[in-house]
There are 2 protein chains.
Amino acid sequence: MFNTLFLPELREMLAAANRVELEEFCQTLNAGRTAEFMEGLFNDEVWEVLQYAPANRRAEIFSYFDHERQLAMVETHDASEVAALVEEMPADDRVDLIQELSAERAQQILPLLPIADRRDIQRLQSYSDGTAGALMTSEVAMLEEHMTVKDALDELGRQSSELETIYYLYVVDENNLLRGIVSTRQLVSSLKHPSLTLGDIMESDVVAVLVSEDQESVAEKVERFNLLAIPVVDSGRQLLGIITHDDVIDVVREELAEDAQRIAAVEPLEDNFLRVGLWTLCWKRGLWLTILFFAALLTAFALRHYETDLERFAWLVWFIPLIISAGGNSGSQSATLVITAMTSGEVRFKDWPLVLRREVIVSLGLGSFLSLIGFSVALFIAPSTNDALVIPFTLLSVIVCGCLCGATLPILFKRLGLDPAMMSNPFVAGIVDILGIVIYINIARLIIR
Amino acid sequence: MFNTLFLPELREMLAAANRVELEEFCQTLNAGRTAEFMEGLFNDEVWEVLQYAPANRRAEIFSYFDHERQLAMVETHDASEVAALVEEMPADDRVDLIQELSAERAQQILPLLPIADRRDIQRLQSYSDGTAGALMTSEVAMLEEHMTVKDALDELGRQSSELETIYYLYVVDENNLLRGIVSTRQLVSSLKHPSLTLGDIMESDVVAVLVSEDQESVAEKVERFNLLAIPVVDSGRQLLGIITHDDVIDVVREELAEDAQRIAAVEPLEDNFLRVGLWTLCWKRGLWLTILFFAALLTAFALRHYETDLERFAWLVWFIPLIISAGGNSGSQSATLVITAMTSGEVRFKDWPLVLRREVIVSLGLGSFLSLIGFSVALFIAPSTNDALVIPFTLLSVIVCGCLCGATLPILFKRLGLDPAMMSNPFVAGIVDILGIVIYINIARLIIR
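Residues numbered from 1 in each chain as written. Chains lettered and ligands numbered in written order. Predicted model: local features only at pLDDT ≥ 70, side-chain atom pairs only at ≥ 80, totals over all residues. Heavy atoms only, no water.

**Student:** Tell me about the UniProt feature "domain: CBS" (unreviewed entry) in chain A, and name the residues and values.
**Tutor:** In the UniProt entry, the feature "domain: CBS" (unreviewed entry) is given for residues 136-198 and 202-258 of chain A. Between the end C-alpha atoms of residues 136-198 of chain A there is a gap of 24 Å, over a span that is 29% helix and 22% strand. (UniProt positions renumbered as here; feature names shortened; annotations may be inferred. Helix = DSSP H or I, 4+ residues; strand = E, 2+ residues; numbered from the N terminus.)

Okay, here's the thing in structure tokens:
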């Protein structure tokens, strides 16, 4: 799992406090790779190695350790060393880290930070989770319109170690209102005319997000407009910060994992699966499990309703799980396909007639095939060939119903403004279970005389 | 759905062939927004408007239309106009487009392209889908080690309109072997020492991918090392191209949607849900549906095996769907949670004892709660209080079994090198169904005398 290639050497260097080699180790490799080579060390050893790196490099290497290790190191090591590290971290990452620290620890670290950083942290902490504000970083290149291309490039060089990204410069007026955007690409290709100003080359139609905007909408815009970063503004269009592409990948991952969890009837976990409290886990799963349980209870009453039929034709009972699961499985396939297609934008509301038409054909195909298998088995089990016909007819009807419910409900829920991933499968399962039993017994009554 | 704000004006401008205003429309807005405003126009109208944009701007605006529209426009319009557009498109996008064109159309367009572009297209076409080669673009800034920072910046300015990203420069030797990487950030912050060479400031520990590497591994590296782009090399470390962050987001989306589809027992679709052939759809769904169907058939034989018990205690039959679905639902919750946690890296093989311990606690909690509800209902239906006890004991055992199977199987499959998302739910469902019936009848035999 770990890359153990350098571990013995690293420990030797530490034992000998070999400054030259440790400094070299911290600087020659890619920062991410440096962190990887240290994964097998204990936290104390990692911390010791990190002290040999220059301050901003140290923060960069540190950022590649997983969240738990970062927390553990920051909780336990010397407060002034920790503060020095936190000062160099990207503004958005350090807020996330400080929010997870114990209250006492945060109280030890914060006063050691420069006042500007402290204010910045407080401001970023104030935005609620899941909004653009909570994702953004405040380290953004803000320049003025009258600046020349040449001066802007020099200024960028001076600020570059402070900035999370230098690939867009934002042009603001004296009140920090966002006036335009210049990409470093434009800047670099305008260098042959060094007297041009930012105002001359900026694009004034800037795609931005509101600080209160939902993170999924942020991700959607970044993807649609193919951006490396998106500026965050308040309602008066004052520039507050930016959100960079790496945070967007995280949002996309989170969003799609939530979809998958909702499809399986779990309220999305907001925390690491192994760390989330057991009570929370019980609650997030129990809620839908209980709803599904009540839906399934109805099947018990439905079956009791058909008591006499079931006693007359006892062999029908043996096929109940088969019929219910065939309907449920085909329905959940349809629902999942439609939900993932809606998330990726392939299916919209207006497409429902096409979706339905295709589902009818596919479900007839799948249903006929499975009915054939079901019929062959039923021939051995049912008292007569005529009786055995109940099974294929039921399977076909149940599978068609399952697919149609599975395909329609997500589109319908989306149209009603509800989350299709959350609502669909429990409903599909519930409806298909009951419908399956009703269809089954009624087909049996028709066929068996 | 469409932004119709500008449609009447646009049509007026077209009718009057108002060159000045149309040129302005194509240039003032963000290219993505320009495309958005044209969404309500017919393809012919869009194409006409595009002709008023400068060549590279035209390609940029064109890139924001959805894939279907792009294809339709390229299939039908004047071949030389199309070739002029294709020439300006990013190397990776135009390959994707040309691969989907009809063979005759491709044969009309390709000869109109400069020989260098034609060769480039052929080369990129040769890499198989799902590999780094198929994702990469060949437009990458390759510079030599001895170049000074100042010269490199000038060169970048000259090339910038040709390059997909200017944010990393790759340093190569005379055989195009990858020697190092310089970020534009480093370049810009080194401008105060303009005589430094790229060799002085480059990082020689470059994170790269092999051209044959799987796209998921590419995404994993870009995310882990937090890159804007990753270089693609052959086995001799010759630089072939780069993959940019926007392609990585697409890979992440694709990968997670595939996970969700596999969890619902559908072989992932490789194409748009509405466009994939009905035969393919039947096959991708039918495969797992049939496997699940055979698993469910076993329940029919299990129930037949318990024929005499079921006839003696007919009321037991009514609870069969409830018990099976309680086990199945809790199992698929566990499986989905573990699968999504493994995909995001939160759970690894070594965590299995912790996962199991937590699942035991959660399933006992959930099981007890649902058993209580089940017991209250059974009291009304079962002949005696003693008999009714069968239901809660069965529910508790089945839910615990379901959760443990659901949590263990994905970890086990992953360990065996199989795809946990694909294997888990069908197996969980199959095992839990059969086990549920066996547990149910045996508990009933124990309790009912």
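**Student:** Describe the pairing of strand β5 (residues 229-233) of chain A, and please don't skip the residues or the numbers.
**Tutor:** Residue and element names in this part refer to chain A. Of all five residues making up β5, five are buried, and the element is well covered by its neighbours. Going residue by residue along β5, you find Ala-229, Pro-231 and Val-233 tucked away on one face and Ile-230 and Val-232 tucked away on the opposite face as well. Inspection of the sheet shows strand β4 (residues 209-210) paired to β5 by two bridges, in the parallel sense. The residue bridging Val-209 from the neighbouring strand is Val-232, located in β5. Pairing of β5 with strand β6 (residues 239-244), which is carried by five bridges, proceeds in the antiparallel orientation. Of the residues in β6, the one forming a bridge with Val-233 is Leu-239. Between β5 and β6, which follow one another and run antiparallel, lie five residues, and Arg-237 among them has a positive phi close to 65 degrees. (Buried < 20%, exposed > 50% of the residue type's maximum accessible area, 1.4 Å probe, protein only. Pairing = 2+ DSSP bridges.)

**Student:** Account for the sheet that holds β5 of chain A, with residues named and values stated.
**Tutor:** Reading across the sheet, the three strands line up as β4-β5-β6 (chain A) and stay open at both edges, with mixed pairing between neighbours. With one partner strand each, in any of the chains shown, β4 and β6 of chain A form the two edges of the open sheet.

**Student:** Tell me about the interface of chain A and chain B, and please be specific about residues and values.
**Tutor:** The interface of chain A with chain B comprises 121 residues on the first partner and 120 residues on the second. Interface area for chain A against chain B, summed over the two sides, is near 10,800 Å², with a carbon-plus-sulfur share of 67%. For the pair chain A and chain B, the number of links is ten salt bridges. Its salt-bridge partner being Arg-224 of chain B, residue Glu-36 of chain A comes within 1.9 Å of it at the nearest N-O pair. Linking chain A with chain B are 24 residue pairs in polar contact (both at pLDDT 80 or more), by the criterion used here. Split into classes, the residues belonging to the side of chain A that touches chain B amount to 69 nonpolar, 26 polar and 26 charged. (Contact = heavy atoms within 4.5 Å. Buried area = accessible area lost by both parts, 1.4 Å probe. Salt bridge = Lys/Arg side-chain N within 4 Å of Asp/Glu carboxyl O. Polar contact = N/O pair within 3.5 Å; in protein donor to acceptor, adjacent residues only side chain to side chain. Nonpolar A, V, L, I, M, F, W, Y, C, P; charged D, E, K, R; others polar.)

**Student:** Describe the UniProt feature "transmembrane region" (unreviewed entry) in chain A, listing the residues and the values that go with them.
**Tutor:** Residue and element names in this part refer to chain A. As recorded in UniProt, the sites labelled "transmembrane region" (unreviewed entry) are residues 286-303, 315-339, 360-382, 388-413 and 425-448. Secondary structure over residues 286-303 splits into 100% helix and 0% strand, and the C-alpha atoms at its two ends are 25 Å apart. Between the end C-alpha atoms of residues 360-382 there is a gap of 29 Å, over a span that is 96% helix and 0% strand.

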